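Close look at the chain arrangement
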Amino acid sequence: MPLNIIALAKQVLDPETPVSAYRIDRQKKRVDTDPVKKIAPVINGFDENAVEAALRIREAGNEVKITVLSAGPGFVTDVMKKALSMGSDEMIFVQDPGLDSISDSTVTVQVLAAAIKKIGAFDLIIAGRQASDWDNAQVPLGLAEVLGIPCIPVTRKVEVKDGQVVCERVIPNGYEVVSAPLPAVVTVSNELGQPRYPTMRNIMAAARKKPETWTLSDIGIADLSPKLAMLDLFIPEKQSRCEIIQGEDNNLADAAHKLALRLREAKLI
Amino acid sequence: MADVKGVFVIGETAGGQLDAGSKELLAHGRKLADSLGEPLSIAILGDSLGGMPKEAIAFGADTVYGVTDPVLKEPQPDAYLAALTKLAQERSPKVILVGKTPLGTNIGPRLAFRLNTALAQDSLEVKIDGGKLVATRPVFGGNCVASVACNSMPMMAVVRLKTADPLARNDSRSGEVVEVKPGLDPSVVRTRVLSHVEEKQEGKRMEDAEIIVSGGRGLGGPEPFQKELTELADLLDGVVASSRAAVDIGWVPYAYQVGLTGKSVAPNIYFAIGISGASQHLAGLSGAKNIVAINKDANANIFKEARFGIVGEWQKVVPALIQAIRELK
Ligand SMILES: Cc1cc2nc3c(=O)[nH]c(=O)nc-3n(C[C@H](O)[C@H](O)[C@H](O)COP(=O)(O)OP(=O)(O)OC[C@H]3O[C@@H](n4cnc5c(N)ncnc54)[C@H](O)[C@@H]3O)c2cc1C
Ligand SMILES: Nc1ncnc2c1ncn2[C@@H]1O[C@H](COP(=O)(O)O)[C@@H](O)[C@H]1O
């Protein structure tokens, strides 16, 4: 019996994009991209870490089947396929236009839980610590509650031993080794380390795979019931008030000297 | 079921004391309770509570639920969650506030789902508007701000630390202390902590520091963190911090990271050296009073946030700054 791992992955707008490329639709309360400087979609960074964590469990000598699950309004298959090219086995999209701009984790959890029910048996769900669009950091925790299983959030190492998941959980000044019985949910953070680059062989193998796409009715959901209402969404105005300190003849040591004096004058040091 | 009423905050303890974040939460909670005209309660959990209930009342609570149980000896998320679910079901508060701490971000969302309600994450501001809890929160890595209203009871929010000052301590305030014995079954604890490793032994906590000297990818390697940055920090009685880029490359451990997925800090001066000022980094700096940027790129975003800036290579600026400050002392 292989260990069935579900890796959750969300398609998000590239979080490293400068805010100047953002356009906000205040009516619909969603972030659109500038028609010229389009923001490319990517797999949420921490979700690549989640796939990486699943692959490392396989490399530790376990027989592992990795299913990537994603819910959203629309997918750029080439972008999402990176999770397959990294070495995952299967990919399932739950696609519905109603999932557009969903910032309410209640809805996401409702959808993912129903999809997981349809997938059937699983041992471990690995998710990212947060999705870089709404920064909610709560879908995996909610999912664990709905499924009635333990959850270990924000980890940097994930191992499976004797029916337990053993993790290094990141805490403010170090880490804790934490274990929970399977099935369980864990979330991973970037301290896990760089996600691998797909190898040519895995890219070829992934090219032959076709993600399966489910609709909401395929997973038995008739309607979505949000519990949070978005009242407003905006880009905060920023006024620069920076005093740039220059040295005599652009001498940097002199600038540093003046800075020290300014800090003293302002009674900051 | 009792009336749905009142504001609840979830207290956290450190070394047998109510922690600073709980006092900030009480200040947020007091404002909400006053605008609802309803009482403010705090739940404090542990195996024994000592002087904490009196302390909580002095900082603004009307009622303290002192929840004691042997299973609560360690702040175990599973045990906290079981006790808090029971308490919230019995007392049916209208609003529950949780701090953005490792424990709070773990149990807050889970409590919301157990209570069949929703939670606004990472809120900078919470208020009551039209009877609803409305939270203001950064989204998209801090590039945008959203305002969200809770439409189900209890209305819950995780509140970022350092977004309110604790109320002035008033030891003559009166309040009620209610003892709660949840009688937890030890089997509620499913996740077990096997060991605890501190990687950064520091004199001062970054969260409490008045001066922070922080470095980013622009430093070019780990040495400047040990040398120039530490020297500057020591001189000013401050601590050294970093951006995530420096953590990801392995120059400093995660404990140094400031930002959205690192620490939130509120120093009087934050020196940002070789840090570009990405929104996710700035997300940890909303409480910083003065940012001093040293960056060789005049267009770096950090200059939009800084009060003082020098455009230039840190290698030339920082040693001179150390020397100048030494001379001023
Ligand atoms: C979901 C998510 C969460 C994140 N969380 C965090 C977080 O918590 N904290 C965080 O910091 N980041 C976080 N990030 C990453 C963030 O987006 C940036 O990538 C990161 O902050 C950049 O770090 P940096 O400024 O050190 O590096 P860079 O952006 O590479 O900037 C380096 C700067 O150094 C300057 N420089 C280079 N050489 C010199 C020199 N000799 N002298 C002076 N200046 C020089 C350059 O001009 C540049 O401005 C997160 C990202 C995501 C997507
Ligand atoms: N729509 C989604 N589809 C798949 N996984 C998701 C989705 N939303 C959230 N997740 C997972 O949950 C993690 C935390 O997301 P969030 O709670 O939205 O910040 C993400 O890193 C993903 O692993």
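Computed from a predicted structure; not experimentally measured. (Residues numbered from 1 in each chain as written. Chains lettered and ligands numbered in written order. Predicted model: local features only at pLDDT ≥ 70, side-chain atom pairs only at ≥ 80, totals over all residues. Heavy atoms only, no water.)

Things to note about the site of ligand 2
Residue and element names in this part refer to chain A. Definition in use: It suffices for a single heavy atom of a residue to lie within 4 Å of a molecule or strand for the residue to be listed as near it. Residues adjacent in sequence count toward polar contacts only when both atoms are side-chain atoms; beyond that, a polar contact is any pair of N or O atoms within 3.5 Å, and within protein one must be able to donate a hydrogen and the other to accept it. Each accessible area value is a Shrake-Rupley result obtained with a 1.4 Å probe; residue values ignore everything except the protein chains displayed when judging cover. For cavity detection a 1 Å grid was placed over the protein atoms alone, and a set of points counts as a cavity when a 1.4 Å probe fits there but cannot get out; an open set counts as a pocket when protein lies on both sides within 12 Å along at least five of seven lines, with lining residues being those that have an atom within 4 Å of a point. Any molecule with more than half of its atoms within 2 Å of a cavity's or pocket's grid points is counted as sitting in it. Helix and strand assignments come from DSSP, with helices taken as H or I runs of at least 4 residues and strands as E runs of at least 2, each series counted from the N terminus.
Taken together, the neighbourhood of ligand 2 is formed by 19 residues, with Asp47, Ala131, Ala137, Gln138 and Val139 sitting nearest. A distance of 2.8 Å is found between a nitrogen atom of ligand 2 and a backbone nitrogen or oxygen belonging to alanine 71. With the chains in place, 98% of the 480 Å² that ligand 2 exposes on its own is no longer accessible. At a threshold of 2 Å from the grid points, most atoms of ligand 2 map onto the largest cavity. Contributing elements (two or more residues each) for the shell around ligand 2: strand E6 (64-72), helix H4 (105-119), strand E8 (124-128) and helix H5 (139-147).

Some points on empty space enclosed by the protein
What counts is decided by this rule: Grid points are joined across faces, edges and corners, and a volume is the space filled by probe spheres set on the points. Three classes are used, and their members are as follows: Ala, Val, Leu, Ile, Met, Phe, Trp, Tyr, Cys and Pro are nonpolar, Asp, Glu, Lys and Arg are charged, and the others, Gly among them, are polar.
Following the criterion strictly, the structure yields five cavities of 30 Å³ or more and no others. In this structure, the largest cavity encloses a volume near 330 Å³. Forming the boundary of the largest cavity are 27 residues, of which A:Lys10, A:Thr108, A:Ala131, A:Val139 and A:Pro140 lie nearest the centre. Those elements that provide at least two residues to the lining of the largest cavity are E6, H4, E8 and H5 of chain A. Grouping the amino acids of the lining of the largest cavity by side-chain chemistry returns 12 nonpolar, nine polar and six charged. The computed volume of the second largest cavity comes to approximately 60 Å³. It is strand E7 (residues 119-123) of chain B that contributes the most residues to the lining of the second largest cavity, three residues altogether. Looking at the lining of the second largest cavity, its residues break down into seven nonpolar, three polar and one charged.

Some points on the domain arrangement of chain B
Residue and element names in this part refer to chain B. Quick reminder of the rule: Domain start and stop points were drawn from an automatic or database domain assignment. The contact criterion used throughout is that any non-hydrogen atoms of two residues lie within 4.5 Å. The term buried area denotes the loss of accessible surface (1.4 Å probe radius) that occurs when two parts are joined, taken as the sum for both partners. Salt bridges are identified by distance alone: a Lys or Arg side-chain nitrogen within 4 Å of an Asp or Glu carboxyl oxygen.
Considered domain by domain, chain B is made up of domain 1 (7-188) and domain 2 (206-328). Computed from C-alpha coordinates alone, the two centres of domain 1 and domain 2 are separated by 32 Å. Each partner contributes residues to the interface: domain 1 has nine residues there, and domain 2 has nine residues. Approximately 670 Å² of surface area, both sides summed, lies buried where domain 1 meets domain 2, with 48% of it carried by carbon and sulfur atoms. Taken as a group, Gly141, Arg160 and Lys162 account for 71% of the area that domain 1 buries against domain 2, more than any other trio of residues on that side. In this structure, the connection of domain 1 to domain 2 is made through zero salt bridges. Where domain 1 meets domain 2, there are five residue pairs in polar contact (both at pLDDT 80 or more). Split by residue class, the side of domain 1 that touches domain 2 holds two nonpolar, three polar and four charged.

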